[in-house]
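Analysis of the macromolecular model
Residue-level listing of the chains:
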Amino acid sequence: MLGRGVVPADTPVLRADDLGVLRGDGIFETMHVRDGADGLPHPWLLDEHLARMARSAARMDLALPEARVLRELAALACEQWPAGTEGAVRLVCTRGAESAAATGGPVTCFATVNPVGPSSLAARRDGVAVAALTLGFPAAARTPAPWLLGGVKSLSYAVNMASLRWAAAHGVDDVLWVSEDGFALEAPTSTLVWLEGDTLYTVPVAETGILPGTTAAHLLATAGQLGLSAGQRMVTPAELRGTDGAWLLSSVRGIAEIRTVDGATLPPSALTGKLREHLGFSA
Ligand code: PLP
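Reference entry: report on the structure contained in this document.

How each quantity is defined
- Residues numbered from 1 in each chain as written.
- Predicted model: local features only at pLDDT ≥ 70, side-chain atom pairs only at ≥ 80, totals over all residues.
- Heavy atoms only, no water.
- Helix = DSSP H or I, 4+ residues; strand = E, 2+ residues; numbered from the N terminus.
- Rg over C-alpha atoms; globule rule 2.2 N^0.38 Å.
- Buried < 20%, exposed > 50% of the residue type's maximum accessible area, 1.4 Å probe, protein only.
- Contact = heavy atoms within 4.5 Å.
- Areas by Shrake-Rupley, 256 points an atom, 1.4 Å probe, with all protein chains shown as cover.
- Lys, Arg positive; Asp, Glu negative; His and termini not counted.
- Charge placed at Lys NZ, Arg CZ, Asp CG, Glu CD.
- Near = heavy atom within 4 Å.
- Polar contact = N/O pair within 3.5 Å; in protein donor to acceptor, adjacent residues only side chain to side chain.
- Nonpolar A, V, L, I, M, F, W, Y, C, P; charged D, E, K, R; others polar.
- Axes fitted to C-alpha atoms, helices over the stretch in contact; angles between N-to-C directions.
- Parallel < 35°, antiparallel > 145°, perpendicular 65-115°, else oblique.
- Left-handed = near helix turned anticlockwise from the far one by under 90°.
- Salt bridge = Lys/Arg side-chain N within 4 Å of Asp/Glu carboxyl O.
- Expected span 1.5 Å × (residues − 1).
- Arc of directions from axis to C-beta.

Secondary structure summary: the protein chain contains 10 helices and 13 strands in total. For a compact globule of 283 residues, the expected C-alpha radius of gyration is about 19 Å, and the protein chain comes in at 19 Å, within 12% of that figure. Expressed along its principal axes, the backbone C-alpha trace of the protein chain runs to roughly 55 × 45 × 35 Å. Every one of the 283 residues in the protein chain was classed for burial, and the buried ones make up 49%. At a minimum sequence separation of 6, the contacts of the protein chain that also span at least 24 residues come to 72%. Working note: accessible area of the protein chain is about 12,900 Å², and carbon and sulfur atoms make up 57% of it. In the protein chain, 22 positive and 29 negative side-chain charges are present, and the distance between their average locations comes to 2 Å.

Pasting the structure below:
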């Protein structure tokens, strides 16, 4: 907890009038915790996550502590995490107490660290069945409407979580959000990536307002090491059936192969294991 150091997990750390709780008015980042070159656990792609957090903060007019402070906070959270065990570290910053925010009071900032859940590991191992669910607006709707916070990792994830509950209630593992005009955009907590020939594609961020995924960006930036090239284009859920593999990428789950979309089977990809290894995730 910023300003308080490490506290036991059951210590109350938020005021009841914290705007993060009252309005979902804050931002967060979730990172994979894995052993670094020094054999100690660290947040993976920390710089990329801090850069995205700074962009989210700017979009929300939120006075984020400087990157050095956030880096130290994330490191502190990981300090007592056991080496050799993957984990998930969350960095959360809210606008702070409602009574103080109006006068520019301090933001609330804390980090938590948790084990990777069994459903994430199962999805990484077995892949996922997804339902294509509408977001209710055209793919380009968020670009001219910055107040819709496209591309911002805000704490307002109730719709994301409701989408995943809907999926679970309907017997599938995850959701592919689709625009009103029929384009696959992203999943509630992961980025769509697919393979056509020797090119890995993802959905363009600027045109759609989806969250720029750090895991997908890392994979596409390093695709050359796998003999692949990288591109961006719009795609429909039906088109995914004709690709050479499709995956959902995210920081903690890593890579989950999409097995079916609305019950239609996608061809299994021989590349899944190689991509998983390349990204440094265990099977
Ligand atoms: N898209 C959304 C909406 C997300 O919430 C996330 C991560 O939680 C992602 C994509 C994947 O981003 P990252 O790879 O940075 O975890």
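Now, onward.
Within the structure, the ligand sits among 17 residues, and K153, Y157, T214, T215 and S251 are positioned closest to it. Between the ligand and the protein, one listed contact pairs an oxygen atom with a side-chain N or O atom of K153 at 2.7 Å. With respect to the ligand, the side chain of Y157 contributes an N or O atom lying 2.5 Å from an oxygen atom. Taken together, the elements giving at least two residues each to the shell around the ligand come down to α2 (46–59), α8 (214–221) and β11 (246–250). Taken together, the residues of the shell around the ligand break down into 5 nonpolar, 9 polar and 3 charged.

Once that is clear, we can look at the packing of α2 against helix α3 (residues 67–79). Where α2 contacts α3, the two axes come as close as 11 Å, and the packing angle between them is 130°. With respect to their mutual orientation, α2 and α3 come out oblique. Regarding α2 and α3, the two cross each other, and that crossing is right-handed. Of the residues in α3, those in contact with L46, D47, L50 and M53 of α2 are A67, L70, R71 and A74. Looking at the contact of α2 with α3 residue by residue, the class counts come to 6 nonpolar, no polar and 2 charged.

Time to look at the pattern of salt bridges. Under the counting rule described, the total for this entry stands at 12 salt bridges. As a salt-bridge pair, E72 and R68 come within 3.5 Å of each other at their nearest N and O atoms. Placement of the pair is E72 and R68 together in helix α3, with a separation of 4 residues, close to one helical turn. Note that R233 and E196 form a salt bridge whose closest N and O atoms lie 2.7 Å from each other. Placement of R233 in the loop between β10 (229–232) and α9 (237–240) and of E196 in strand β8 (residues 191–196) is noted, with a sequence separation of 37 residues between them. Because the salt bridges share partners, they merge into one network encompassing E66, R68 and E72.

Here helix α6 (residues 158–169) is 12 residues long and its end C-alpha atoms lie 16 Å apart, about the 16 Å a rise of 1.5 Å per residue gives. The set of residues buried in α6 consists of N160, S163 and A167. When α6 is viewed along its axis, its buried side chains cluster within an angular range of 60° and face the same direction. Of the exposed residues in α6, the ones pointing more than 90 degrees away from its buried face are A158, R165, A168 and A169. Looking at the buried side of α6, the elements it contacts are β5 (128–134) and β6 (174–178). G171 occupies a position one or two residues after α6 and carries a positive phi of about 75°.

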